[in-house]
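Descriptive analysis of the structure
One-letter residues, chain by chain:
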Amino acid sequence: AQRVTQPEKLLSVFKGAPVELKCNYSYSGSPELFWYVQYSRQRLQLLLRHISRESIKGFTADLNKGETSFHLKKPFAQEEDSAMYYCALSPLITQGGSEKLVFGKGTKLTVNP
Amino acid sequence: KAGVTQTPRYLIKTRGQQVTLSCSPISGHRSVSWYQQTPGQGLQFLFEYFSETQRNKGNFPGRFSGRQFSNSRSEMNVSTLELGDSALYLCASSLGHRLRSSPLHFGNGTRLTVT
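Predicted model only: the values in this text are computed from it and were never measured. (Residues numbered from 1 in each chain as written. Chains lettered and ligands numbered in written order. Predicted model: local features only at pLDDT ≥ 70, side-chain atom pairs only at ≥ 80, totals over all residues. Heavy atoms only, no water.)

**Observations concerning the overall build of chain B**
Counting secondary structure elements, chain B contains zero helices and 11 strands. Shown N-terminal to C-terminal, the secondary structure of chain B runs as helices and strands in the order β-β-β-β-β-β-β-β-β-β-β. Its C-alpha atoms give chain B a radius of gyration of 13 Å, within 12% of the compact-globule value 13 Å for 115 residues. In terms of principal-axis extent, the alpha carbons of chain B reach across some 40 × 25 × 25 Å. Burial statistics for chain B: of 115 residues in total, 52% are counted as buried. (Helix = DSSP H or I, 4+ residues; strand = E, 2+ residues; numbered from the N terminus. Rg over C-alpha atoms; globule rule 2.2 N^0.38 Å. Buried < 20%, exposed > 50% of the residue type's maximum accessible area, 1.4 Å probe, protein only.)

**Structural notes on the sheet that holds strand 7 (residues 64–68) of chain B**
Residues and elements named next belong to chain B. If you trace the four strands from one edge of the open sheet to the other, you get 1-3-8-7, paired in antiparallel fashion. Unpaired on one side and paired on the other, strand 1 (5–7) and strand 7 mark the two borders of the sheet. Each strand axis lies, on average, 20° off the axis of its neighbour in the sheet, ignoring direction. Relative to strand 8 (residues 74–78), strand 3 (residues 19–24) runs antiparallel, the two sharing five bridges. Looking across to strand 8, one finds that Ser22 is bridged to Glu75. (Pairing = 2+ DSSP bridges. Axes fitted to C-alpha atoms, helices over the stretch in contact; angles between N-to-C directions.)

As C-alpha cells, then:
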C-alpha cells in the first residue's frame, strides 16, 4: 500500500531561519513525488515535483530513496511562506489507467516576524 | 485563462438524499480528478476521468460516482448521503493523465454538509 507521512502537523519558525518540512513515504516501486501548497484563502497548487529537480520560491526537495524521504527545505524562511504544505506521491501508472495522488495529512507552516 | 471552477461552493443536504457536484476544467484540459478532503482522513482520491472514460478509481463505495462530458466538464454524484460524507470535495484538471508531465490544477472545492 502507498502511504505518505508528514510527521509534523504544525511547524513554526522565525523569518530568516531555515525551514525543513518532513515527508516520508511508503511504496514498493519508484514513485513520483510532489509538494503542494495552499496559502490562506487560495486553492491548492503545485509547488514542486522531484522529477523537475527545480527550486521554486527558494524551496528545494531531494528524494532520498534509502530513507524513503522527500523533505522540503528553504534556507531562509519568509513570512509569505506561511501556508499549508502537502507532500504527495504518485504511484506508477497502471496499464490503461491513470495516475493519482496519495497525499500526506499536511504541515501548517507559520513564519513569525 | 480561467481556473478550475466548481459549483456550488456550499451545499447542505440531509441523510438519505443524493447530491451532484459540478466541475469545469481549465480550457484545453482533458483530465479531471476528484478528491475528498476531511479533517480525519485528509485528501483522498475518488476517481479520474479522461476523454469521458473513468481511468482510475479510489477506495470509495459505489454510492460515489461520476462522469465526464464531451467538453471535459465533469460531475460527481453521491447517493444515499451519510453523515460521514460531509467533506470538501476538490476537483482538479490537467492536460493529460500523466502527473509527472501534466500537473494537477485544483478548484476551490464544494463544501458538502450532511445533517
